[in-house]
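Single-letter residue listing:
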Amino acid sequence: GNSARMSVALPMLAMEAEMTIQQTTRGGRGFTLTELLVVICVVAVVVALLLPALAAAKRKHSTIGCVNNLKQIGLASRVWEGDNGDKYPMQFALTNDAVMKLVSSGNAYVLWQTMSNELATPKILACPADEQRTEAVSFTQGFSDANISYFLSLDASDAYPQMIISGDDNLAINGIRVRPGILNLSTNTSVEWTMERHHGAGNLGLSDGSIQSVTIYGLQQRFQQTGVATNRLVIP
């Protein structure tokens, strides 16, 4: 009795197990074309939603990095001034014909080299949002205007705390990017930021050590409030 029933049941169980394995194997098929397209669409939607947030985070990081650079530049200028008869490096350069000749011909890096001890590293001279400039490893080996993203004002003075001392150099006049060298910027000139860095805005370092992030309108206002009829900027 029992032995006979078991002998019949075992083959049946084996057949059921084989069928289950076959069904499982068939159930483990790959994606159909429709399912694959659905997955691709979902991924595309997620990427589209994330890209603006990632771009905004990148812009914010670049702006913060630029502000920090200008703060260090302002501090280095004040330290240099304290050690050199209360004059900024730019004022010192005005009395040095050799330096001014180089700066006027589009070699702004010479002026920055005078502050090399105070700046400590040339890396802070390259704005993180400036894709046209690269960070230098030293102030001597290969250092040039290609490593500098900021202008310096020849008229900066600690007697006027709100005077502009430095800032992003991506300036344009009447839609044309300014050229390297000394830019004579009168107060009624319509100067503006180009769109290549901070999306229609930019950063300025003032003599009191503060940093201002301003739009094109704010940029024009700041230059009108410097107290001089013509602002002389060293553009790298």
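In what follows, the accompanying structure is described. From a predicted model like this one, the values you see are computed outputs, not experimental measurements. (Residues numbered from 1 in each chain as written. Predicted model: local features only at pLDDT ≥ 70, side-chain atom pairs only at ≥ 80, totals over all residues. Heavy atoms only, no water.)

**Some points on the sheet that holds strand 5 (residues 181–186)**
What links the strands of a sheet is backbone hydrogen bonding, and the strands pair in either a parallel or an antiparallel sense. Just so we agree on the cut-off: Strand pairing follows a simple DSSP-based rule, namely that at least 2 bridges must link the two strands. Only DSSP runs of H or I covering at least 4 residues are called helices, and only runs of E covering at least 2 are called strands; the numbering of each starts at the N terminus. Every angle, taken between N-to-C directions, lies between 0 and 180 degrees, and every axis is a line fitted to C-alpha atoms, over only the stretch in contact when it is a helix. The contact definition used throughout considers only heavy atoms, calling two residues in contact when any of these lie within 4.5 Å.
Spatial ordering of the open sheet is given by 5-9-1-2-7-8, a layout of 6 strands whose pairing is antiparallel. For this open sheet the edge positions go to strand 5 and strand 8 (211–215), each flanked by a neighbour on one side alone. In this sheet, neighbouring strand axes are inclined to one another by 30 degrees on average, regardless of whether the strands run parallel or antiparallel. Sheet topology places strand 2 (residues 164–168) next to strand 7 (residues 201–206); 3 bridges connect them, and they run antiparallel. Note on strand 7: the bridge partner recorded for Ser-166 is Gly-205. Along the sheet face, helix 7 (residues 216–224) touches strand 1 (150–153), strand 2, strand 5, strand 7, strand 8 and strand 9 (230–235) and points at about 125 degrees away from the line of strand 8.

**Brief notes about helix 7**
Let me state the cut-off plainly: Buried means the residue's accessible area, taken with a 1.4 Å probe over protein chains only, is under 20% of the maximum for its type, while exposed means over 50%, and partly exposed covers the values in between. The arc under discussion is defined with respect to the helix axis, by the directions toward the C-beta atoms.
Listing the buried residues of helix 7 in full gives Gly-218, Leu-219, Arg-222 and Phe-223. Considered in projection along helix 7, the buried side chains sweep an arc of 135 degrees and stay on one side of the axis.

**Section: empty space enclosed by the protein**
Keep this limit in mind: Using only the protein atoms, space was sampled on a 1 Å grid; points where a 1.4 Å probe fits but cannot get out form cavities, open sets with protein on both sides within 12 Å along at least five of seven lines form pockets, and lining residues are those with an atom within 4 Å of a point. Grid points are joined across faces, edges and corners, and a volume is the space filled by probe spheres set on the points.
Within this structure, the stated rule accounts for 1 cavity of 30 Å³ or more. Here the largest cavity is characterised by a volume of approximately 40 Å³. Around the largest cavity sit Leu-185, Ser-186, Thr-187, Thr-189, Val-191, Gln-220, Phe-223 and Gln-224, which together line it. Secondary structure elements with two or more residues in the lining of the largest cavity: strand 5 and helix 7. Residue contributions to the lining of the largest cavity peak at 3 residues, all from helix 7.

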